[in-house]
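This is what each chain is made of:
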Amino acid sequence: MEQKYDVVIVGGGAAGLSGAVALTRARRSVLVVDAGEPRNAPAAHAHNYLTREGTPPAELLTAGRAEARGYGAEFVSGTVSSARAVDDGFRVELADGVAVSARRLLVATGLVDELPDVPGVAERWGREVLHCPYCHGWEVRDRAIGILATGPMAAHQALMWRQWSADITVFLHTAAEPSAEELEQFDARGIVVVRGEVAGLEVDDDRFTGVRLRTGELVSRDAIVVAPRFEARAGFLRELGLEPTEQTMAGHVIGSYVPADPMGATAVKGVWAAGNVSDLKAQVIVAAAAGLNAGAAINADLIAEDTRLAVTANAHSEDPAPGGPMSMFDERAWEERYRSRSGIWSGSPNPHLVAEAAELTPGTALEVGAGEGADAHWLAERGWRVTAVDFSTTALQRAAARAEALGADVVHRLNWVHADLTAEPLEGLFDLVTAHFMHLPEPQRGVLYARLAAAVAPGGSLLIVGHHPSDLQTTVPRPPVPELFFTAEELAGSLDPDQWDIVAAEARARTATDPDGREVTIHDAVLRARRRA
């Protein structure tokens, strides 16, 4: 089953991580797909990032990932091979064949620097081979700097870098002769012009020493400036109808980008772009700000959609009053709850299941209200063949995805079923039927539990656990609806004594922590009954 998220973010750099933090803080479910190829990886330090000046790029990414994860973002390593629109959002396929679904997309894939084809340039890129004076100018101030002219932007580069050093040499290489006006400007600023093609960069003992001309002459330099072509990483967007647009500067094409408005919205509804993929000149702090803007815009768009869906559902509901009893327990409400966070439950099985089922002989089990799958996983790990039922598609997708980590032997014993058993009949008989904390008002509760009892095979067990009525007075959060609570004795009384043996019917105490950090005793209604063979 494909995992579904509110937002899939493609790219885990500054823009993608900033968007992830903004969206997860807004309680959205977020998956970040990251290829692990940050553009600034060759650079030793990032600059112009207020309060983070000089931080190594890898440290920024590690800290950003930790922040996003802390709010619930999920990460997967890989590249996106395709993205296409589907009825309720997008289907995103990774290069390894894994596919996920998203209501919205945030593209933060950055760009690729296409470097001049000169020996040594790629090898020294990010060290002594530079392109941005605001990124690296201070570090080579007052040093001997060369400008490798490969196009019409060379004069602009030379005059820019002159701000950081008085020792600037332009290597014309394959570029056209500068205009008379440009030569006049060079002369006025003390910029030297060297004509002739460059053969390559000279390196001695892993240190760049100068530029070697085709003539054999070596011109000593401490750093060399190049003009890459900046190409947006956006090939996977073509199926959505998004094509990169040529970016020009001073009338010259310098690369391509994905057009987006100031908040990141692209021409395709539901797709946003942030960072270098849509702004070639954006430095790290600007990319991070763009990710924040896009994240806020995406959340606003989802809020509008959620509201429209809620209004429509409310208009057709038998319980239209906001906050009415059934509004807490219908499929739409739970689907929205699961989508709002990457994880609702602890991931551990319910303690009463462990206590009551640990000694049972594994067979077939029906687990109702499966949620994110912890109980079903626990049973399957112990040999049970489990049919796990829930009416939240998102919960089932999450449960199935988490089961993959438990191995093939566990996965093949799990069957995930999307159903509402208060509205749909059950088929089959099971050696164990269990439901934990399925709180419904009457008559839905009676219908559900009668169907669960009828699904128990001769010799099989029924295990039902819920909040005891005494928990209405606890400080641990509980639904403020008294009719949802029941006692185990009430449930036991509904079973035919000629067919059932009651193994346990009690209020069982356990310790919990309330929102103020205090340990309190709560009580669960626990019914375990065995159908006579």
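Up top you'll find the structure we're talking about.
Residues numbered from 1 in each chain as written. Predicted model: local features only at pLDDT ≥ 70, side-chain atom pairs only at ≥ 80, totals over all residues. Heavy atoms only, no water.

Q: How do you make sense of helix α13 (residues 444–454) when you look at a structure like this?
A: Note: α-helices contain 3.6 residues per turn, so residues at a spacing of three or four share the same orientation. All buried positions along α13 are accounted for by Arg445, Leu448, Tyr449, Leu452 and Ala453. Looking straight down α13, one finds that the buried residues subtend no more than 135° of arc, so they occupy a single side. Looking at the packing, one finds that the buried side of α13 touches β20 (364–368), β23 (430–436), β24 (456–467), α14 (488–493), β25 (500–513) and β26 (519–531). (Buried < 20%, exposed > 50% of the residue type's maximum accessible area, 1.4 Å probe, protein only. Helix = DSSP H or I, 4+ residues; strand = E, 2+ residues; numbered from the N terminus. Arc of directions from axis to C-beta. Contact = heavy atoms within 4.5 Å.)

Q: Any chance you could explain the packing of aromatic side chains here in plain terms?
A: Ring pairs (aromatic) are described by centroid distance and by the angle formed between their planes. In the structure shown here, the tally under the stated rule is 3 aromatic pairs. Summarising the aromatic geometry, the rings of Trp161 and Trp164 are spaced 6.4 Å apart at their centres and angled 55° between planes, so their arrangement reads as tilted. On the basis of relative accessible area, Trp164 is assigned to the buried category, the value being 18%. Note on Tyr449 and Phe486: the rings are 5.8 Å apart at their centroids and 80° apart in plane angle, and the pair reads as edge-to-face. In this pair, Tyr449 is assigned in helix α13 and Phe486 in the loop between β24 and α14, connecting sequence segments 37 residues apart. On the accessibility criterion, Tyr449 (8% relative accessible area) is buried. Ring pairing ties together the aromatic residues Tyr134, Trp161 and Trp164, which thus form one cluster. Stacked on the ring of Trp138, the Lys or Arg Arg141 has its end atom at 4.0 Å from the ring centre. (Phe/Tyr/Trp six-rings, centres within 6.5 Å; stacked < 30°, edge-to-face > 60°. Lys NZ or Arg CZ within 6 Å of the ring centre and 35° of its normal.)

Q: How should the pairing of β25 be read in this particular structure?
A: Each regular strand carries side chains that alternate between the two faces of the sheet. The pairing of β25 with β26 spans 13 bridges and is classified as antiparallel. What sits directly across from Arg510, in β26, is Ile522. (Pairing = 2+ DSSP bridges.)

Q: Help me understand the pattern of salt bridges, please; the structure alone is not making it clear to me.
A: Pairs can form between side chains of opposite charge once their charged atoms are near each other. Per the stated rule, a full pass over the model turns up 29 salt bridges. We note a salt bridge from Arg91 to Glu93, for which the minimum N-O separation is 3.2 Å. Note on Arg91: relative accessible area 23%, which makes it partly exposed. The class for Glu93 is partly exposed, based on a relative accessible area of 27%. The salt bridge partner of Asp222 is Arg143, with a shortest N-O separation of 3.4 Å. Of this pair, Asp222 sits in the loop between β14 (218–220) and β15 (223–225) while Arg143 is found in the loop between α4 (133–136) and β9 (145–148), placing the two residues 79 residues apart along the sequence. Classification of Arg143 by relative accessible area gives partly exposed; the value is 39%. Sharing partners across several salt bridges, the network here consists of Asp6, Arg28, Arg103, Arg104, Asp301, Glu305 and Asp306. (Salt bridge = Lys/Arg side-chain N within 4 Å of Asp/Glu carboxyl O.)

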